Amino acid sequence: MDRSGRAFWIDAPGRGGIRDVALPEPAEGEVVVRSLYSGVSRGTETLVFRGQVPESQHTVMRAPFQEGDFPAPVKYGYLNVGVVEEGPARLVGRTVFCLYPHQTRYVVPETAVTVVPDSVPAGRAVLAGTVETAVNALWDAKPLVGDRIAVVGGGMVGCSVAALLARFPGVRVQLVDADPARAKTAEALGVGFALPGDALGGCDLVVHASATEQGLTRSLELLRAEGTVLELSWYGDRRIALPLGEAFHSRRLVLRSSQVGTVSPARADRSYADRLALALDLLADPALDALVTGESAFEELPEVMPGLASGEIPALCHRVRYPSGSRSGTSKSA
């Protein structure tokens with residue numbers, strides 16, 4: 001079998017390249033995976049590409065199969081879908097999701113891969129990590145039937161949260177973003193849309209995912225008395241200011257964080273594997289295809305990543321296509 005691969009590395013902040021890698025011989029309990037697709041998260045991953053991970057967060061922000069250290073050189077990424085070439089008979093030939101960086105072929109423990117359900121196209125399965133974040137956020141938020149909810153920030157995470165909230169009965173969900181083009185995405189997901197100045201107030205819950213000071217400030221403004229903002233944004237090494245001296249205390253507002261690194265305490269009965277399996281099941285919904293807004297070949301990553309990091313290439317999830325993978329995004333096998 002082929003024991004070689006190619007991997008995308010961040011060589012220095014803002015600059016990446018592709019390197020040849022030699023794969024180890026798989027040991028007992030390991031699998032060889034050939035990548036079909038991977039996804040670039042416009043939030044965390046572009047912060048890593050720009051070298052903006054604070055030193056205090058270097059350990060916390062390590063990806064499961066990261067090589068190298070922040071800021072660079074580092075091999076980083078966590079949205080990979082491939083087909084098992086070698087391993088246990090029950091896995092060989094199956095399409096799997098793995099929290100692995102951008103690499104054409106790799107070897108990992110079989111416990112590190114999750115089988116993609118037959119109802120989920122391989123090209124959509126790259127969203128599993130982000131939908132998992134949304135699942136964890138909603139476990140933290142505990143929305144109720146009939147809640148009035150705003151999701152501020154129509155990026156990959158915010159749209160994933162909105163898509164899941166659209167399934168809750170009797171809930172008013174509005175996606176709020178400064179980009180009018182996000183209205184089309186909101187329509188595809190089955191939720192309302194508003195520019196920040198037009199957003200509906202009186203919210204029981206606001207999920208903030210814009211990673212901007214203005215967005216978090218607006219989120220607090222949209223709450224009813226004793227309402228809650230769930231903060232999903234990660235700001236890297238940036239500091240932000242908030243108007244906590246105005247009506248924040250008199251209206252008894254709540255601001256709390258949520259992070260996918262730990263399973264929500266609200267679901268202490270669920271494991272990381274349970275959470276990821278649930279996210280993959282939820283991806284059977286074709287409406288989530290709206291979150292994949294661009295695609296390029298693996299070999300183009302050194303040129304594409306700077307554009308994604310700067311915003312020159314607008315995207316929610318940018319999908320990376322590997323040479324041997326299906327181009328349609330609908331194949332379940334190699």
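To be clear, the structure that these remarks concern was listed above.
Just so it is clear, the structure is predicted and the values come from calculations on it, not from any experiment.

What counts and how
- Residues numbered from 1 in each chain as written.
- Predicted model: local features only at pLDDT ≥ 70, side-chain atom pairs only at ≥ 80, totals over all residues.
- Heavy atoms only, no water.
- Helix = DSSP H or I, 4+ residues; strand = E, 2+ residues; numbered from the N terminus.
- Rg over C-alpha atoms; globule rule 2.2 N^0.38 Å.
- Contact = heavy atoms within 4.5 Å.
- Areas by Shrake-Rupley, 256 points an atom, 1.4 Å probe, with all protein chains shown as cover.
- Pairing = 2+ DSSP bridges.
- Axes fitted to C-alpha atoms, helices over the stretch in contact; angles between N-to-C directions.
- Salt bridge = Lys/Arg side-chain N within 4 Å of Asp/Glu carboxyl O.
- Polar contact = N/O pair within 3.5 Å; in protein donor to acceptor, adjacent residues only side chain to side chain.
- Buried < 20%, exposed > 50% of the residue type's maximum accessible area, 1.4 Å probe, protein only.
- Core = buried A, V, L, I, M, F, W, Y, C linked by side-chain atoms within 4.5 Å.

Draft legend 1. Local environment of the overall build of the protein. Helix and strand counts for the protein come out as seven helices and 17 strands. Since a compact globule built from 334 residues should have a radius of gyration of about 20 Å, the 20 Å found for the protein is in line with a globular shape. By its C-alpha atoms, the protein is 65 × 40 × 35 Å across when sized along the principal axes. Considering only residue pairs separated by 6 or more positions, the protein has 67% of its internal contacts joining residues 24 or more positions apart. Total accessible area on the protein is roughly 14200 Å²; 51% of this is exposed by carbon and sulfur atoms.

Draft legend 2. Geometry of the sheet that holds strand S14 (residues 223–231). Reading across from one edge, S12-S11-S10-S13-S14-S15 is the order of the six strands in this open sheet, with parallel pairing throughout. Of all strands in the sheet, those with a lone pairing partner are strand S12 (192–194) and strand S15 (254–257), marking the two edges. The sheet shows a mean angle of 20 degrees between the axes of neighbouring strands, taken without regard to direction. For strand S11 (residues 172–176) and S12, the ladder comprises three bridges, and the chain directions are parallel. Within S12, the position partnered with Val176 by the bridge is Ala194. Where helix H3 (residues 156–165) meets the sheet, its contacts fall on strand S10 (148–152), S11 and strand S13 (203–208), and the angle it forms with S10 comes to roughly 160 degrees. Running over the sheet, helix H4 (residues 182–189) touches S11 and S12 and is turned about 165 degrees from S12.

Draft legend 3. View of the pattern of salt bridges. Scanning the entire structure with this criterion turns up 22 salt bridges. Put simply, Glu86 and Arg3 hold a salt bridge, and the shortest N to O gap is 2.6 Å. Placement of Glu86 in strand S6 (residues 80–86) and of Arg3 in the segment before strand S1 (4–12) is noted, with a sequence separation of 83 residues between them. Between Arg321 and Glu295 there is a salt bridge whose closest N-O contact spans 2.8 Å. Of the two residues, Arg321 sits in strand S17 (residues 317–321) while Glu295 sits in strand S16 (residues 292–297), which places them 26 residues apart along the sequence. What emerges from the salt-bridge pattern is a single network uniting Arg3, Glu25 and Glu86.

Draft legend 4. View of the side chain of His208. For His208, the location among the structural elements is in strand S13. Among the polar contacts made by the side chain of His208, one reaches the side chain of Ser210 at a distance of 2.7 Å. When sequence neighbours within four positions are dropped, the list of residues in contact with His208 reads Val152, Gly215, Leu216, Ser219, Val229, Leu230, Glu231, Leu232, Ser233 and Tyr235.

Draft legend 5. Up close: unusual backbone geometry. Looking along the chain, the bond that leaves Phe70 and enters Pro71 is cis, with omega of 0 degrees. Among the structural elements, Pro71 can be located in the loop between strand S4 (67–68) and strand S5 (74–75). Going from Ala72 to Pro73, the amide bond is cis rather than trans, its omega being -5 degrees. Along the chain, the position of Pro73 falls in the loop between S4 and S5. Positive phi is not limited to glycine here, since Ala211 has a value of about 55 degrees.

Draft legend 6. Representation of H3 in the model. Counting buried positions along H3 gives nine out of 10 residues, so the element sits mostly inside the fold. Along H3, the positions that sit buried rather than exposed are Met156, Gly158, Cys159, Ser160, Val161, Ala162, Ala163, Leu164 and Leu165.

Draft legend 7. Examining the nonpolar core more closely. In terms of nonpolar packing, the biggest core is built from 72 residues, with Tyr76, Phe97, Leu127, Val131, Val161, Leu280 and Leu283 touching the most fellow members. It is helix H2 (residues 128–141) that contributes the most residues to this core, eight residues altogether. Once residues lying within four places of it in the same chain are set aside, the contact partners of Val131 are Ser160, Leu164, Ala279, Leu282 and Leu283. Counting 15 residues, the second largest nonpolar core, distinct from the first, contains Val176, Ala199, Cys203 and Leu222.

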